[in-house]
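Now for the letters of each chain:
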Amino acid sequence: MALRLSAAVPLAMRRLPAAVRGVHDAAHGFHEAEIRDQLLRFPGGSIDVRKEEEGGIAVVTVNNPGRMNAFTGSMMVDLHDAVQQLERWPEGKGLLLHGANSTFCSGSDLNAVRALESSQDGLKMCMYMQNTLTRLMRLPLISVALVEGKALGGGAELTTACDFRLMVPGSQIRFVHRHMGLVPGWGGAARLVRLVGYRHALRLLSGAEAAGPQEALALGLADALLEPVSSPSSSTPDDDGGDGGAALRAALSWLEPRVAGAPEVVRAAKKVALSGAELPLEEALRAERDVFGTLWGAPANRRALARGAKHK
Ligand SMILES: CCC(=O)SCCNC(=O)CCNC(=O)[C@H](O)C(C)(C)COP(=O)(O)OP(=O)(O)OC[C@H]1O[C@@H](n2cnc3c(N)ncnc32)[C@H](O)[C@@H]1OP(=O)(O)O
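Caption draft 1: Looking closely at a nonpolar patch on the surface. Together, Leu110, Val113, Met180 and Leu182 line one region of the surface with nonpolar side chains, adding up to about 350 Å² of accessible area. If you trace the backbone, Leu110 turns up in helix α5 (residues 110–115).

Next comes the structure, spelled out in structure tokens:
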């Protein structure tokens, strides 16, 4: 019973206010409304969100194919709004992030980069994107980046904000920042180190090396190599009839079994894993206890007991 009482305000929610908090706020000199207005002066492309209510999966498309899905300023704002929308989707379980026209994303739109050349403007954009990608990472959804074609610069950073990366043959993740006289600024370096370890991260960053599927798999940067099979009679929305649609279907097939079942259970799995990744051990244990307390004896747990579930 004590567990149930303490679960009334789960520690995980207090310590990981995942749904609403980024990293930077006014105390750090960051004023979101101000940079938002500035970014909206660089329009083009869109971030499209399609929620599949029945399966609880949202498909998010980075859509600026004329510029290899580079991020314009308005797309940065769109991504922020998409994440905010997904934070307010209690039935949501999964997120599939991909690029239009079978390529992932070529990073910042270089036209916007040139226009925002002062270091102050660059820092504001950096903090805006760090906040958005941190909130994306902390969504209570199991998230997957489907990498087709190239994920370059900020595009490579974006993949690291997802829980999993799936790659197709010929695709690559490449932190090209060094060639632009930069380092990652959207949180990509910090997340890359956590994914592949310090040495591999430093090698990928300092050499601006492209990681294809095999290397990415070996490093633990990618989680699976998809071998999409085209099907002319697909019913997947947004299916272009080519490999893009096939890759999307293959990625959904990978994700669906991982988000099967009751939303509260899937979301709880994400919460405890995230607590383990982000918090010191004792806090993570307390957070895990609190999340556990919300599920023990709850409907999904009772249904499983009633059916006498076996796990062969
Ligand atoms: C956070 C910091 C960062 O993101 S720094 C990294 C910024 N990104 C880059 O430097 C990528 C630059 N682009 C490239 O290397 C190539 O365009 C890549 C993506 C490899 C594609 O090559 P390729 O298949 O030959 O196509 P292409 O060069 O003809 O490009 C097609 C059109 O797309 C455009 N494009 C591409 N990337 C960007 C970008 N990041 N910003 C703005 N526009 C971009 C190209 O300029 C080209 O446009 P156009 O057809 O010439 O009008």
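Caption draft 2: A look at the sheet that holds strand β8 (residues 210–211). Here three strands make up an open sheet; going across it, the order is β5-β7-β8 and the pairing mixed. If you trace the sheet from one side to the other, it starts and ends with β5 (150–152) and β8, each paired once. As defined by bridge partners, β5 adjoins strand β7 (residues 172–174) across three bridges and the pair is classed as parallel. When the sheet's bridge partners are listed, Leu152 is paired in β7 with Arg174.

Caption draft 3: Looking closely at the packing of aromatic side chains. In total, this model carries three aromatic pairs according to the counting rule given. Look at Phe164 and Trp254: their rings are 5.1 Å apart centre to centre, the planes differ by 65°, and that puts the pair in the edge-to-face class. Note that Phe164 is positioned in strand β6 (residues 164–167) and Trp254 in helix α11 (residues 243–255), a separation of 90 residues in sequence. For Trp254, a relative accessible area of 14% gives the class buried. Here the aromatic rings of Phe292 and Trp296 are separated by 5.3 Å at their centres, their planes lie at 35°, and the arrangement is tilted. Under the relative-accessibility criterion, Phe292 is labelled partly exposed at 43%.

Conventions we followed
- Residues numbered from 1 in each chain as written.
- Predicted model: local features only at pLDDT ≥ 70, side-chain atom pairs only at ≥ 80, totals over all residues.
- Heavy atoms only, no water.
- Patch = residues over 30% accessible without salt bridge, like charges linked within 9 Å, V, L, I, M, F, W, Y side chains within 5 Å.
- Areas by Shrake-Rupley, 256 points an atom, 1.4 Å probe, with all protein chains shown as cover.
- Salt bridge = Lys/Arg side-chain N within 4 Å of Asp/Glu carboxyl O.
- Helix = DSSP H or I, 4+ residues; strand = E, 2+ residues; numbered from the N terminus.
- Pairing = 2+ DSSP bridges.
- Phe/Tyr/Trp six-rings, centres within 6.5 Å; stacked < 30°, edge-to-face > 60°.
- Buried < 20%, exposed > 50% of the residue type's maximum accessible area, 1.4 Å probe, protein only.

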